Amino acid sequence: MTDTSIPIALVGIGKIARDQHIPAIAGHPQFTLAATVSSSGGVDGVENHATIHDLLAARPDITVVSLCMPPVPRFAAASAAIAAGRHVMLEKPPGASVAEVLTLEKLARDAGVTLFATWHSRHALGAAPAREWLADKHVTRIRVDWKEDVRKWHPGQDWIWEPGGMGVFDPGINALSLLTAISPVRLHLTEAELSFPENRATPIAAELLFSNGTDLNATAGFDWRQQGDDIWQIEIDTDQGQLRLTEGGARLFIDDVERELDGLGEYPDIYRHMGDLLQNNASDVDVTPLVHVSDAYMLGRHLTVEPFHD
Ligand code: NAP
């Protein structure tokens, strides 16, 4: 740890903590991984605590906690950390419901700490250039396809099939976070069809229809039954050509010509942004993607499809 680096704790050492957060913190000069909270042992060589309450009591010097557990247990951890005066980063989706995220936003504001509800897809290399290109265009059609094999990406993750786990919206909300960050038109969901395996509490597929109050054609399809290559793509037709983001926003095409992109990449850029928020005593909490998911559950037709077994 350098004299000026900020000690940070990671809470919930699962797939995303290991794949992305640990390397991103290691590569960021402003932060040092000082402790973990993990029921399964944590990270070799890093002090571990069994519960967030133990961490908060033992390490008052750790001013930032980054919460990487599934959405349902996140509110309790976030509210405890805020009550203890810590700055908090939330993995996406920032909570299991819209209301609890708004409560966290208020708690953080009242406590004078930073709350960053991260949406990693908004930090994809293509996100900012796409937003800039679209800013002065008239959008005529939007099509989102987010299709992957759940057995490949979520093996053995039971929580995604439980209430609050969001099912196919766990990846689908990444698409919604990216779309709502780049689109110059504000959308609201009008119809949805959600396919629930008969033995599961969350959907395996979803078709969504959006409106902006005009005749804009805006649809999204999320599917966890994809075989072969993953598809994480947003296509936006405008009066001045077509924009296409592929690979979750890592690649950008305008009228089928690929644009060169540069930047830090998703998780390094998330930690850069957290550094900026801390410096400015600011928070960044946008519930828009979660509102669309909530509306899909509220307005959607629920279909029962064949059972899913891991
Ligand atoms: P995961 O591998 O299942 O790990 C979650 C970790 O959280 C567990 O290993 C556990 O850590 C801890 N945990 C605490 N309470 C838990 C509970 N009630 N049930 C299960 N785990 C609990 O999940 P993940 O894939 O890392 O996803 C975590 C969050 O990151 C989700 O919100 C997800 O949407 C988001 N995310 C995931 C990915 C991805 O590619 N997997 C990508 C981007 C974002 P300990 O064993 O250390 O206690």
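Conventions adopted
Residues numbered from 1 in each chain as written. Predicted model: local features only at pLDDT ≥ 70, side-chain atom pairs only at ≥ 80, totals over all residues. Heavy atoms only, no water. Core = buried A, V, L, I, M, F, W, Y, C linked by side-chain atoms within 4.5 Å. Buried < 20%, exposed > 50% of the residue type's maximum accessible area, 1.4 Å probe, protein only. Helix = DSSP H or I, 4+ residues; strand = E, 2+ residues; numbered from the N terminus. Domains from an automatic or database assignment. Contact = heavy atoms within 4.5 Å. Expected span 1.5 Å × (residues − 1). Polar contact = N/O pair within 3.5 Å; in protein donor to acceptor, adjacent residues only side chain to side chain. Salt bridge = Lys/Arg side-chain N within 4 Å of Asp/Glu carboxyl O. Buried area = accessible area lost by both parts, 1.4 Å probe. Nonpolar A, V, L, I, M, F, W, Y, C, P; charged D, E, K, R; others polar. Axes fitted to C-alpha atoms, helices over the stretch in contact; angles between N-to-C directions. Parallel < 35°, antiparallel > 145°, perpendicular 65-115°, else oblique. Pairing = 2+ DSSP bridges. pLDDT = per-residue confidence, 0-100. Near = heavy atom within 4 Å. Areas by Shrake-Rupley, 256 points an atom, 1.4 Å probe, with all protein chains shown as cover. 1 Å grid on protein atoms, 1.4 Å probe; cavity = no way out; pocket = protein on both sides within 12 Å on 5 of 7 lines; lining within 4 Å. Sits in = over half its atoms within 2 Å of the grid points.

A. Structural detail: the nonpolar core. With 73 residues, the main nonpolar core has L67, V88, I142, V144, F169, L208 and F222 as its most contacted residues. Counting residues per element, this core draws most heavily on helix α7 (residues 169-182), which supplies seven residues. Domain assignment of the residues forming this core places at least three in each of domain 1 (6-117) and domain 2 (122-263 + 293-305). Residues contacting L208, with those up to four places away along its chain left out, are F169, L189, E191, A192, L194, A218, T219, A220, F222 and A296. Ranked by size, the runner-up nonpolar core spans 22 residues in total, among them I8, M89, Y267 and I270.

B. Representation of helix α9 (residues 288-299) in the model. The terminal C-alpha atoms of α9 lie 16 Å apart, and with 12 residues this matches the ideal 16 Å at 1.5 Å per residue to within 8%. Of the surrounding elements, those touching the buried residues of α9 are α4 (98-111), α7, β8 (188-197) and β9 (205-211).

C. Seen up close, the side chain of H87. When you line up the elements, H87 lands in strand β5 (residues 87-90). A polar contact is formed between the side chain of H87 and the backbone nitrogen of T114, at a distance of 2.9 Å. Setting aside anything within four residues of it in sequence, one finds H87 in contact with T63, V64, V65, V113, T114, M274 and L278.

D. Up close: the pattern of salt bridges. According to the stated counting rule, one finds 19 salt bridges in the structure shown. For D256, the salt bridge is made with R244, and the minimal N-O distance between the two is 2.9 Å. Linking D256 in the loop between β13 (251-254) and β14 (257-258) with R244 in strand β12 (residues 241-246), this pair joins segments that are 12 residues apart in sequence. Judged by relative accessible area, D256 falls into the exposed class, the value being 55%.

E. Quick look at α4. Taking 1.5 Å per residue, 14 residues should reach 20 Å; α4 reaches 20 Å between its end C-alpha atoms and fits that length. Following α4 by one or two positions, G112 adopts a phi angle in the positive range, close to 70°.

F. Geometry of the domain arrangement of the chain. The domain architecture assigned to the chain consists of domain 1 (6-117) and domain 2 (122-263 + 293-305). Inter-centroid distance (C-alpha atoms) of domain 1 to domain 2 is 27 Å. Domain 1 puts 10 residues into the contact, and the matching count from domain 2 is 11 residues. Taking both sides of the interface into account, the surface hidden between domain 1 and domain 2 amounts to around 740 Å²; carbon and sulfur atoms contribute 68%. Counting the surface domain 1 buries against domain 2, the share from its top three residues, K15, K92 and P93, is 50%. Inspection of the domain 1/domain 2 interface yields one salt bridge. The interface formed by domain 1 and domain 2 holds two residue pairs in polar contact (both at pLDDT 80 or more) in total. Across the side of domain 1 that touches domain 2, the residue classes tally to seven nonpolar, one polar and two charged.

G. Examining the packing of helix α5 (residues 127-134) against α7 more closely. Two numbers describe how α5 lies on α7: the axes approach to 8 Å, and their chain directions differ by 40°. Here α7 runs oblique to α5, going by the angle between their axes. In this structure, α5 uses A127, A130, R131 and L134 to contact α7, whose residues at the interface are L178, A181 and I182. Residues of the contact of α5 with α7, tallied by class, amount to six nonpolar, no polar and one charged.

H. Region of interest: the pairing of strand β7 (residues 139-147). By the criterion of burial, β7 is predominantly enclosed, with seven of the nine residues buried. Judged from the eight bridges that link them, β7 and strand β11 (residues 231-238) form a sheet pairing that is antiparallel. The residue bridging K147 from the neighbouring strand is I231, located in β11. Alignment of β7 against strand β10 (residues 217-223), held across seven bridges, turns out to be parallel.

I. Highlighting the confidence of the model for the chain. Of all residues in the chain, 99% have pLDDT values of 70 or greater, and the mean over the chain is 97. Looking at the elements of the chain, mean pLDDT is at its lowest for helix α6 (residues 150-153), recorded as 96, and at its highest for strand β6 (residues 115-117), recorded as 99.

J. Spotlight on the site of the ligand. Near the ligand there are 22 residues, and of these I13, S38, S39, S40 and D170 occur at the shortest range. I13 is positioned with one of its backbone polar atoms (N or O) 2.8 Å from an oxygen atom of the ligand. Take S40: an N or O atom from its side chain is 2.6 Å from an oxygen atom of the ligand. Relative to its unbound accessible surface of 870 Å², the ligand loses 76% to contact with the protein. Among the cavities detected, the one that contains the ligand is the largest pocket. When residues of the shell around the ligand are assigned to domains, at least three fall in each of domain 1 (6-117) and domain 2 (122-263 + 293-305).

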